[in-house]
Amino acid sequence: MGKKDQRSTPFSLEGRFLGFLVEDGYKLKRLRLMTAVGEREIKLSKDARASVRGVLTPGDWIRVWGEQTINSKTDAVKLKAEKISRIAPRQTEPALTAAKSQQLPGVSKAAATVLVCQKSDCMKRGGKAVCQALQNGLRDRDLADMVRIQGTGCMKHCKAGPNIVVMPDKTRYSRVSAADIPALLDEHFPCESGQ
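(A) Representation of the overall build of the chain in the model. Of the regular secondary structure elements, the chain holds four helices and nine strands. For the chain, the α and β elements follow one another from N to C terminus as β-β-β-α-β-β-α-β-α-β-β-β-α. When contacts within the chain are restricted to residue pairs at least 6 apart in sequence, those whose partners lie at least 24 apart make up 62%. Here the chain has roughly 11500 Å² of accessible surface; of this, 50% comes from carbon and sulfur atoms.

Set out below in structure tokens:
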């Protein structure tokens, strides 16, 4: 994406902190935030990383300030946090689940994705059954329009196939069987009470 295709504006979001996405086992790269319009993944600046390490725990209410970059051709939005602070819980917590139909610019309805290796080793080891179990499980949970299943090329763990990755948190699973899928869906996409 070229600089001329981008425009940047400040943003401020508040919501419930869900956790960090870690790279190389220790580097805090992004944070996950549940807002009134759904879950957002926000890249952390170096200053923001230093200010939150060991301070936030999942469930904390936080406010995040930073810069959003919007690609004018695709409307894709990237958020980068510059400042993060804990705040008092809001009365809007029920709105976190009630407002899922509203969307922020650049956030697709299918923000969550399950990547499934489609190469022959994974397919021979039960990949087709895993895909079918994913489709059935998402349909049974009424998540088919919110979670996308996407086939990929080789994930470089051929002998440990079938391989899947749950996005946006990038959790990788190997040696997955169709019988494992209900538990994985319950872990990553728990049903909300009252539905």
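(B) Representation of empty space enclosed by the protein within the structure. The full count for this structure, using the stated rule, is one cavity of 30 Å³ or more. Counted as a void, the largest cavity has a volume near 30 Å³. Val114, Leu134, Ile164, Val166, Leu184, Leu185, His188 and Phe189 are the residues that line the largest cavity. Elements with a minimum of two residues in the lining of the largest cavity: strand E8 (164-167) and helix H4 (181-188). Ranked by the residues each element gives to the lining of the largest cavity, the list is headed by H4, at three residues. Split by residue class, the lining of the largest cavity holds seven nonpolar, one polar and no charged.

(C) Examining the sheet that holds strand E1 (residues 6-23) more closely. One closed barrel holds the five strands; their spatial order is E1-E2-E3-E5-E4, and the pairing between them is mixed. Adjacent strand axes in the sheet meet at a mean angle of 50 degrees, parallel and antiparallel pairs treated alike.

(D) The packing of aromatic side chains, seen in detail. In total, this model carries one aromatic pair according to the counting rule given. Looking at lysine 83, its charged tip hangs above the ring of tryptophan 65, at a distance of 4.8 Å from the centre.

(E) Main features of the layout of surface pockets. In this model, the second largest pocket occupies a volume close to 200 Å³. What lines the second largest pocket is Leu21, Val22, Glu23, Lys29, Arg30, Asp169, Lys170 and Thr171. Contributions of two or more residues to the lining of the second largest pocket are made by E1 and strand E2 (27-35). Considering every element that reaches the lining of the second largest pocket, the biggest residue donor is E1, with three residues. Broken down by class, the residue content of the lining of the second largest pocket amounts to two nonpolar, one polar and five charged.

(F) Representation of the side chain of asparagine 71 in the model. Note that asparagine 71 resides in strand E4 (residues 61-71). At a separation of 3.2 Å, a polar atom in the side chain of asparagine 71 contacts the main-chain amide nitrogen of threonine 74.

(G) How the structure looks around the environment of isoleucine 62. Within the element layout of this structure, isoleucine 62 appears in strand E4. Isoleucine 62 sits in the buried class, given a relative accessible area of 0%. In sequence terms isoleucine 62 and leucine 13 are 49 residues apart; their C-alpha atoms lie 8.3 Å from each other.

(H) Quick look at unusual backbone geometry. For the bond running from glycine 161 to proline 162, omega is -5 degrees, close enough to zero to count as cis. Within the fold, proline 162 resides in the loop between strand E7 (147-152) and E8. If you check the backbone angles, aspartate 142 has positive phi at about 60 degrees while not being a glycine. For aspartate 142, the position within the fold is in the loop between helix H3 (120-140) and E7. The backbone of arginine 175 sits at a positive phi, close to 55 degrees, despite the residue not being glycine. With respect to the secondary-structure elements, arginine 175 resides in the loop between strand E9 (171-173) and H4.

(I) Region of interest: the pattern of salt bridges. Applying the stated criterion across every chain, the model contains six salt bridges. Arginine 63 is paired through a salt bridge with glutamate 14; the nearest N and O atoms lie 2.2 Å apart. With arginine 63 in strand E4 and glutamate 14 in strand E1, this residue pair connects regions lying 49 residues apart in the sequence. Its relative accessible area of 23% is what places arginine 63 among the partly exposed residues. A salt bridge links arginine 32 to glutamate 39, with the shortest nitrogen-to-oxygen separation between them at 2.7 Å. By relative accessible area, which is 30% here, glutamate 39 ends up partly exposed.

Cut-offs and rules
Residues numbered from 1 in each chain as written. Predicted model: local features only at pLDDT ≥ 70, side-chain atom pairs only at ≥ 80, totals over all residues. Heavy atoms only, no water. Helix = DSSP H or I, 4+ residues; strand = E, 2+ residues; numbered from the N terminus. Contact = heavy atoms within 4.5 Å. Areas by Shrake-Rupley, 256 points an atom, 1.4 Å probe, with all protein chains shown as cover. 1 Å grid on protein atoms, 1.4 Å probe; cavity = no way out; pocket = protein on both sides within 12 Å on 5 of 7 lines; lining within 4 Å. Points joined across faces, edges and corners; volume = space filled by probe spheres on them. Nonpolar A, V, L, I, M, F, W, Y, C, P; charged D, E, K, R; others polar. Pairing = 2+ DSSP bridges. Axes fitted to C-alpha atoms, helices over the stretch in contact; angles between N-to-C directions. Phe/Tyr/Trp six-rings, centres within 6.5 Å; stacked < 30°, edge-to-face > 60°. Lys NZ or Arg CZ within 6 Å of the ring centre and 35° of its normal. Polar contact = N/O pair within 3.5 Å; in protein donor to acceptor, adjacent residues only side chain to side chain. Buried < 20%, exposed > 50% of the residue type's maximum accessible area, 1.4 Å probe, protein only. Salt bridge = Lys/Arg side-chain N within 4 Å of Asp/Glu carboxyl O.

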